[in-house]
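Structure at a glance
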Amino acid sequence: MRPSAHVNRQPVLLPPGSGASDGAAGNCGPVPSSDDDRHVRNRTKLANMRAGSLSRLVRPTPPRLLWGIAFAICMIAVETLLAYPLRAISTEASLSVIYLIGVLVVSTVWGLWLGVATAVVSALAYVLFHVQPAGRLVVADTREWAALAVFLAVAVLTSALADLSRLRAVEAQESDLTAELARLLLNTDDVAVVLPAAAQRVARALDLPAVAIEPAAVPEDGRHLAFPLRDRGACFGTLRVPNDVPERTVQRLQAQVVPSLAALLRAGHERAAVLDSLEASRERQRQLATEQAALGRVATLVAHGAGPPEVFDAITTELHWLIGEHITWLLRYERDDTVSVVATNLSDLRPDQMHWPIEGENILSQVWDGGRPARMDSFEDAAGPTAAVARELGVRSAVGVPVVVEGRLWGVAAVGSARPQPLPADTEARVADFVALAAIAIANADSRAQLAASRARLVAATDQTRQRIERDLHEGALQQFIAAGLRLGAVQAALPPELVQAKAELLGTLRSLNSAVDNLREISRGLHPALLAMGGLAPALKALARRSAVPVEFDLDVGRRMPPVVEVAAYYVVSEALTNAVRYAHASAVRVQAATRGGALCLSIHDDGIGGADPGRGTGLIGLNDRVEALGGQFTITSPHGGGTLLSVTIPIPPAETGATELVTTKAGGNGATHPGGRSRP
């Protein structure tokens, strides 16, 4: 709501010497007493009474001419009769002054010409009744002629001055009317609201029984005259007055009131338009500030590496608060001509309400076909499964705006309302303004998700390849080498005892073959440990500890089997850490901790070596970091010189794989392994 315009209040001017001016000027003069205040109030009241009497006497539109003639005749008669008793105390020449009273009143009320006529008739009455011989229009004495001429001159001059005073009073009243209308029309936010009050001011100023100011063009009818209020070619309303007003009032309306009123109406409308524009600009600035703040919060999530679900939920939440208390969705077009609800502020939706077909009458198909914002003000008679879902959810009207990501139609940002009235007309524009900027965040989150998914697929494919190679080695080459060794052993046993040289050579060959088998088995285990696939993470880590050159202490608190990609990543992190502890850190002991907390596997590998590990100087740690980040995890290394090395790894476990089941808790040294059932073996 706009604040009302400030109205300057004019100070009341008091008579000099009242003490008000002195008291206001820094209290330099004496403070007025109560008697002084009472005198000031009395003088002000008297001045107001005089002004009121004068305003009743001097009217902008004079009364009817017949009333003026009758009044003039009555005044002449009264003045003639009043002159008879005054003969005893005055001369005949001074009796003519009495007739100036009527001339003055008639000139003031009815104007100059009736005043002049009254002066002439008054002179004739004076000659007829008070100049000797009485009863005859004959003036014999030259002095009487001079007195009569002076009387006529004074009477005409008095009429002219009275008429001029009346005109000035009329102009003052016109100015007062214009000022009152200006205060009404220029100090309001809605001009139409103050039109009745303005009409009352005009009616009171012109002594009219009724006046109406219509805000539109209205034709004349049989009872009212209509004056179009036009200014610079534009019509701002109609002034209607009764059709029996005097002609002079009509002329005054046309010449003075209508032009000034039209100009004021134009100024009032222009002021209201300017105020509306300013208010709209301020509202738009507030909306932009709110949108920028909302986008800033979404961008902060993206910058902090939030996943697409979190970013999508933030977009629908911010859109919900921007548009109002309405339902918001963020939907993504799929390849099978359907849309998926990726985020919404609705809760407890069924699975069938999270995947909608495009077909039918709905905003999804309209946006898909036209690529432009779409609106549906009612779903009552709409056909199709999506419209049925909207009715089931209580949605009565909806607006959809396309979400364009990197030049392609990615999805729809939709707003629905459960209220009987349709959504406001500017909903599409407001949603489009926000979505146009939010599409950047959607693109970043979508690209990040696609990149993470691609990296995870590469890691999974690499692990599958390593597992296949390990299986091929174990079931192919290793078995062949073992079979060859068995045959060589059989040949050696079948040789005669006297072939000592041949037996020695076969024994050396058999030993070399067994060594090659052992090396190949180690290579196979390094590619993909079979024990990890069969027994899980805990037995595989224990197998690493048995082969380690330094003692390893484990503190394992993991749940049931995790996804293979998580277990393989954890295995390689521990394997690389143990290798580095022996080769580079010259550690004497290593402690490995593993636990599942908050849907993630947390690893900590700490050795007491020389420290100073730098991931940038080798490919092992860089590869581990890439593997962990590809799974959405975090990899940090702390390795001060002389303070050992600490690897901290967090790998998220997919929700489908988490759950509270049988726990495996192992606290042992590096010379034993634990089965999932908790039974130890040597």
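Another aspect to go through is the overall build of the chain. From N to C terminus, the chain includes 17 helices and 17 strands. In the chain, which comprises 682 residues, the share counted as buried stands at 39%. Summarising the internal contacts of the chain: among those between residues at least 6 apart in sequence, 62% fall at separations of at least 24. On the chain, roughly 37400 Å² of surface is accessible, and the fraction owed to carbon and sulfur atoms is 59%.

Its location among the elements puts S604 in strand 12 (residues 600-607). A relative accessible area of 18% means that S604 is categorised as buried. Ignoring any residue separated from it by four or fewer positions in sequence, one finds S604 in contact with R591, V592, Q593, L646 and L647.

Our next topic: the packing of helix 4 (residues 99-110) against helix 5 (residues 112-130). Orientation of helix 4 relative to helix 5, taken along the N-to-C sense of each, is 165°, at an axis distance of 8 Å. Taken as axis vectors, helix 4 and helix 5 run roughly antiparallel relative to one another. Between helix 4 and helix 5 lies a crossing whose hand is right-handed. Of helix 5, the residues touching helix 4 (which contributes Y99, G102, V103, V106, S107 and W110) are L112, L114, G115, T118, A119, S122, A125, Y126 and H130. For the contact of helix 4 with helix 5, the class distribution of residues is 9 nonpolar, 6 polar and no charged.

Now for helix 10 (residues 363-370). Residue pairs three or four apart in sequence face the same way in an α-helix, which turns once every 3.6 residues. The set of residues buried in helix 10 consists of I363, L364, S365 and V367. Near the N-terminus of helix 10, the side chain that reaches the backbone nitrogen of L364, with its oxygen 3.0 Å away, is that of N362. One or two steps after helix 10, the chain reaches G371, where phi turns positive at roughly 70°.

Attention shifts here to the pairing of strand 8 (residues 397-405). Strand 8 sits mainly inside the fold: 8 of its 9 residues count as buried. Both strand 7 (residues 374-376) and strand 8 contribute to a ladder of 3 bridges, which runs antiparallel. If you follow R375 over to strand 8, its bridge partner there is V399. Alignment of strand 8 against strand 9 (residues 408-417), held across 9 bridges, turns out to be antiparallel. Among the inter-strand pairings, V403 is bridged to a residue of strand 9, identified as G411. Hairpin connection of strand 8 to strand 9: 2 residues between the antiparallel strands, including E406 at a positive phi of 55°.

Attention now moves to the sheet that holds strand 8. Pairing in this open sheet of 6 strands is antiparallel, and the strands run 6-5-4-9-8-7 from one edge to the other. Across the chains shown, the open sheet's two edge strands, defined by having one partner strand only, are strand 6 (355-357) and strand 7. Here the strands of the sheet are splayed against their neighbours by 30° on average, with no regard to which way each runs. Direction of pairing for strand 5 (residues 338-344) relative to strand 6: antiparallel, over a ladder of 3 bridges. Bridged to T338 within strand 6 is P357. Contacting strand 4 (327-333), strand 5 and strand 9, helix 9 (residues 308-323) crosses the sheet at an angle of about 140° to strand 4.

Below, the discussion takes up the confidence of the model for the chain. Per-residue pLDDT for the chain averages 75, and the proportion of residues at 70 or more is 76%. Note on residues 1-34: pLDDT under 50 across the span, and 23 contacts to partners over four residues away in sequence or across chains. A low-confidence stretch, residues 44-54 stays under pLDDT 50, and its non-local contacts, those more than four residues away or across chains, total 0 contacts.

Before going further, it helps to spend a moment on the nonpolar core. The biggest cluster of nonpolar side chains holds 40 residues, and the ones touching the most others in it are L537, L541, Y571, V590, L601 and I605. Broken down by secondary-structure element, the contributors of at least two residues to this core are helix 15 (537-547), strand 10 (552-558), helix 16 (564-583), strand 11 (590-597), strand 12, helix 17 (619-630) and strand 14 (645-652). In this view, L541 contacts F554, L556, Y571 and V574; residues no more than four positions away in its chain are not counted. Grouped together as the second largest cluster of nonpolar side chains are 32 residues, F312, V415, V431 and F434 included.

So, on to the pattern of salt bridges. Considering all chains together, one arrives at 18 salt bridges under this definition. Residues participating in the shared-partner salt-bridge network are D231, R232, R266 and E270.

Turning our eyes to something else, we now look at the packing of aromatic side chains. In total, this model carries 4 aromatic pairs according to the counting rule given. Relative to W410, the ring of F312 has its centre 5.5 Å away and its plane inclined at 55°; by these criteria the two rings are tilted. With F312 in helix 9 and W410 in strand 9, the pair connects residues that are 98 residues apart, well separated along the chain. F312 sits in the buried class, given a relative accessible area of 3%. Between W329 and W356, the aromatic rings sit 5.9 Å apart at their centres with planes inclined by 70°, giving edge-to-face as the arrangement.

This paragraph deals with the environment of P422. Position of P422 among the secondary structure elements: in the loop between strand 9 and helix 12 (427-494). Separated by 24 residues in sequence, P422 and A398 have C-alpha atoms that sit 8.0 Å apart. Ignoring sequence-local partners within four residues, the contact set of P422 consists of R375, D377 and S397.

Look at helix 7 (residues 191-206) against helix 8 (residues 247-303): their axes get within 13 Å of each other, and the N-to-C directions meet at 155°. By the angle between their directions, the pair helix 7 and helix 8 is classed as roughly antiparallel. As for how helix 7 packs across helix 8, the hand of that crossing is right-handed. Contact residues: helix 7 offers V191, L195, V202, A205 and L206, while helix 8 offers T249, R252, L253, V257, L265, G268 and H269.

Here we take up the pairing of strand 5. Summarising burial for strand 5: 7 of the 7 residues are buried, a large majority. The pairing of strand 4 with strand 5 spans 5 bridges and is classified as antiparallel. Each residue of the ladder has a partner; that of W329, found in strand 5, is T344.

Ordered in space as 1-3-2, the 3 strands form an open sheet in which the pairing is antiparallel. Looking at strand neighbours, the two that pair on one side only are strand 1 (212-214) and strand 2 (224-231), the edges of this open sheet. Across this sheet, the average inter-strand angle for adjacent strands is 25°, counted without regard to direction. Of the pairings in the sheet, the one linking strand 2 to strand 3 (residues 234-242) comprises 7 bridges and is antiparallel in character. Within strand 3, the residue paired with L225 across the bridge is V241. Against the sheet, helix 8 engages strand 1, strand 2 and strand 3, with an angle of about 45° to strand 2.

On to helix 8, then. With 57 residues, helix 8 should reach 84 Å at 1.5 Å per residue; the first-to-last C-alpha distance of 80 Å fits that figure. Of all the bends in helix 8, the greatest measures close to 45° and is centred on L253.

Here is what the cut-offs are and how they apply
Residues numbered from 1 in each chain as written. Predicted model: local features only at pLDDT ≥ 70, side-chain atom pairs only at ≥ 80, totals over all residues. Heavy atoms only, no water. Helix = DSSP H or I, 4+ residues; strand = E, 2+ residues; numbered from the N terminus. Buried < 20%, exposed > 50% of the residue type's maximum accessible area, 1.4 Å probe, protein only. Contact = heavy atoms within 4.5 Å. Areas by Shrake-Rupley, 256 points an atom, 1.4 Å probe, with all protein chains shown as cover. Axes fitted to C-alpha atoms, helices over the stretch in contact; angles between N-to-C directions. Parallel < 35°, antiparallel > 145°, perpendicular 65-115°, else oblique. Left-handed = near helix turned anticlockwise from the far one by under 90°. Nonpolar A, V, L, I, M, F, W, Y, C, P; charged D, E, K, R; others polar. Polar contact = N/O pair within 3.5 Å; in protein donor to acceptor, adjacent residues only side chain to side chain. Pairing = 2+ DSSP bridges. pLDDT = per-residue confidence, 0-100. Core = buried A, V, L, I, M, F, W, Y, C linked by side-chain atoms within 4.5 Å. Salt bridge = Lys/Arg side-chain N within 4 Å of Asp/Glu carboxyl O. Phe/Tyr/Trp six-rings, centres within 6.5 Å; stacked < 30°, edge-to-face > 60°. Expected span 1.5 Å × (residues − 1). Bend = angle between axes of the 7 residues up to and from the residue.

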